[in-house]
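Structural overview for review
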Amino acid sequence: MGLWGGRFQQGSSNMFRQVNDSLPFDRILASQDIRGSIIWSKAIAKAGVMSAQEQEKIEATLNKLLIKAENDELDFDASSEEDIHSFVEAALIEELGDLGRKLHTGRSRNDQVATDFRLWCKEHLENLLQDLVKVKHALTKSADVNREVILPGYTHLQRAQPVRYPHWCLAYIEMFKRDISRVQDLLIRMDQCPLGSGALAGTVYAIDRQEIAEQLGFKSPCLNSLDAVSDRDYVLELLFCASTSMMHLSRMAEDLIFFNSGEAGFITLGDAVTSGSSLMPQKKNPDALELIRGKCGRVFGSLQGLLVTMKGLPLAYNKDMQEDKEGAFDAVNQWHICLCIASEVIDSIQLDSERCAQAARQGYANATEMADYLVEKGIPFRTAHDISGQIVLAAIEQNKPIEALSLPELQQYSDKIQDDVYAILELDYLVDKRSILGGTGAQPVFTALQNELDQMQQGS
Ligand code: ARG
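What to know about the overall build of the protein
Counting its secondary structure elements, the protein contains 19 helices and 6 strands. Here the C-alpha radius of gyration of the protein, 31 Å, is well above what a compact globule of 460 residues would show, namely 23 Å. Each principal axis of the C-alpha atoms in the protein carries an extent, and together these give about 100 × 50 × 40 Å. Counting across all 460 residues of the protein, residues that qualify as buried make up 48%. Put simply, of all contacts in the protein between residues at least 6 apart along the chain, 75% involve residues at least 24 apart. Summing over all exposed atoms, the protein offers an accessible surface of approximately 22,400 Å²; the carbon and sulfur share of this is 51%. Across the protein, the centroid of the 45 positively charged side chains sits 2 Å from that of the 66 negatively charged ones.

As structure tokens, this is what we get:
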């Protein structure tokens, strides 16, 4: 009858155990739970609940458990405990008898689980920051070795205007930088320790909550016990960070899947991150990228799931909240895997610069240039747009690019057109003309890339 035995005359039904027990999944919090317990034992010893010698014994036993936890040696499967908190406490009692029964004084599993889970999220978010930096670096390196490659930029998946490949890389770098800053913001906001909030109303023992917080690596304690035990905003925010970042990864994956298609043929991907077909020997499929795209579903689902779980819950702790963990554990794991494989895929990209340039020249991507040329010659943009459109139509009818039309042909649409027009229709020219901050010209792109290269050198 475990933790609450006194008041109960009958044991739990098997089905109840199945719905109620969380040890099968919250075992992942073992080391956080033990570390929290060590700090708690110090705090209550200081408050006079036990002697210094008693505390030392408890701490020594918990330290042995911690080593086992870190070496994956705790035998959870042999345990009939309900959750990781009762598991750790039971292990302590088994070793120390009555002394072990003192640890839970003034503490509740409600403030315990809130503390454990915050610690776990903080640690994993720190690791995910490194994963995000790795993707950023992979993109920076790929941009650097393919500086001169120009490929079509798309809107509506129609060739729109040519862009430098590093410009494409830098677009995703911007997204991953925002992901990084979102995680950093979250780490600041969640840096408060719930321990000492008791079940919901605080504790009667004279513990030092600021000290507990600092010993566990938090900046300060949570300020309201009701909120502290029932707040799962940090999990929701983590899931939002994961979802947004996965969305970014999926868009990048989709671009690369298209670039890698037979139709585009702009890139090839390494053997190590693609797979073949069991039937069609010629195939080399971008499975890693498709899985990045595909795994978004479960990560977004976890965010949605927890929002629905939390909606309308009365203060303070409710067992519904035990459902906060599995989705978050899975989302963090998938996000980590996807960031790592994305870095590998990017490292493996080989560009076909000729094919990229060829595609960039097709599709009348220089029609805007034609219009801008006419604007420079004094024609209002709307009229210039119209003239350029007519020229495109004529070129389409002849199945030629604009620049293959002769000067007299072009002059049928405007007598302002001179033979200086051919230079501005060139691919490099029209790309580099966009030298405005944030544009795809060599100047802004290489300046932004240099910034990233400098940051990479500094490890950030
Ligand atoms: N296993 C529980 C959870 O994950 C721990 C808290 C249990 N608290 C309680 N009052 N039953 O939420």
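Next comes the rest of the account.
Details of helix α13 (residues 353–361)
Listed in full, the buried residues belonging to α13 are Cys356, Ala357, Ala359 and Ala360. Angularly, the buried residues of α13 cover 165° about the axis, an arc narrow enough to put them on a single face. The inward-facing, buried residues of α13 contact β1 (150–155), β2 (158–164), β6 (350–351) and α18 (427–432). Just past α13, the residue glycine 363 takes up positive phi, approximately 80°.

Observations concerning the pattern of salt bridges
Within the structure shown, the criterion is met by 29 salt bridges. Residues lysine 319 and glutamate 82 are paired through a salt bridge, measuring 3.3 Å at the closest nitrogen-oxygen approach. Taken together, the positions of lysine 319 in the loop between α11 (287–310) and α12 (325–348) and glutamate 82 in the loop between α4 (52–70) and α5 (84–96) put the pair 237 residues apart, joining distant regions of the chain. Here lysine 319 falls in the partly exposed class, since its relative accessible area comes to 36%. The closest approach of N and O atoms between glutamate 174 and lysine 177, which form a salt bridge, is 3.9 Å. Placement of the pair is glutamate 174 and lysine 177 together in helix α7 (residues 165–189), with a separation of 3 residues, close to one helical turn. For lysine 177, a relative accessible area of 28% gives the class partly exposed.

Notes on the packing of helix α14 (residues 367–376) against helix α15 (residues 381–397)
Interhelical geometry of α14 versus α15 gives an angle of 135° and a closest axis separation of 8 Å. Classified by the angle between their axes, α14 and α15 sit oblique to one another. Seen along the crossing, α14 lies across α15 with a hand that is right-handed. Contacts between α14 and α15 involve Ala367, Met370, Ala371, Asp372, Leu374 and Val375 from the former and Phe381, Ala384, His385, Ile387, Ser388, Ile391 and Val392 from the latter. Of the residues in the contact of α14 with α15, the class split is 10 nonpolar, 2 polar and 1 charged.

Comments concerning a nonpolar patch on the surface
Nonpolar side chains collect at one region of the surface, where Leu200, Leu226 and Leu315 lie side by side and expose about 270 Å² of accessible area between them. In this structure leucine 200 comes out as partly exposed when scored by relative accessible area, which is 40%.

As for unusual backbone geometry
Residue alanine 316 is reached from leucine 315 by a cis peptide bond, and omega for that bond is 0°. Residue placement: alanine 316 occurs in the loop between α11 and α12. One non-glycine residue, histidine 156, lies in positive phi territory at about 55°. Position of histidine 156 relative to the elements: it lies in the loop between β1 and β2. Take histidine 156: its relative accessible area is 75%, and that puts it in the exposed class. The phi angle at leucine 157 is positive, at roughly 55°, despite the residue not being glycine. Given the relative accessible area of 61%, leucine 157 is considered exposed.

Considering the packing of α7 against helix α19 (residues 442–457)
α19 packs onto α7 with a crossing angle of 50° between their chain directions and a minimal axis gap of 10 Å. The angle between α7 and α19 falls in the class oblique. Crossing of α7 against α19: the hand is left-handed. Contacts between α7 and α19 involve Pro166, His167, Leu170, Ile173 and Lys177 from the former and Val445, Ala448, Leu449, Glu452 and Gln455 from the latter. Residue composition of the contact of α7 with α19, grouped by class: 6 nonpolar, 2 polar and 2 charged.

Conventions adopted
Residues numbered from 1 in each chain as written. Predicted model: local features only at pLDDT ≥ 70, side-chain atom pairs only at ≥ 80, totals over all residues. Heavy atoms only, no water. Helix = DSSP H or I, 4+ residues; strand = E, 2+ residues; numbered from the N terminus. Rg over C-alpha atoms; globule rule 2.2 N^0.38 Å. Buried < 20%, exposed > 50% of the residue type's maximum accessible area, 1.4 Å probe, protein only. Contact = heavy atoms within 4.5 Å. Areas by Shrake-Rupley, 256 points an atom, 1.4 Å probe, with all protein chains shown as cover. Lys, Arg positive; Asp, Glu negative; His and termini not counted. Charge placed at Lys NZ, Arg CZ, Asp CG, Glu CD. Arc of directions from axis to C-beta. Salt bridge = Lys/Arg side-chain N within 4 Å of Asp/Glu carboxyl O. Axes fitted to C-alpha atoms, helices over the stretch in contact; angles between N-to-C directions. Parallel < 35°, antiparallel > 145°, perpendicular 65-115°, else oblique. Left-handed = near helix turned anticlockwise from the far one by under 90°. Nonpolar A, V, L, I, M, F, W, Y, C, P; charged D, E, K, R; others polar. Patch = residues over 30% accessible without salt bridge, like charges linked within 9 Å, V, L, I, M, F, W, Y side chains within 5 Å.

Geometric descriptors of this kind do not, in isolation, establish any biological role.
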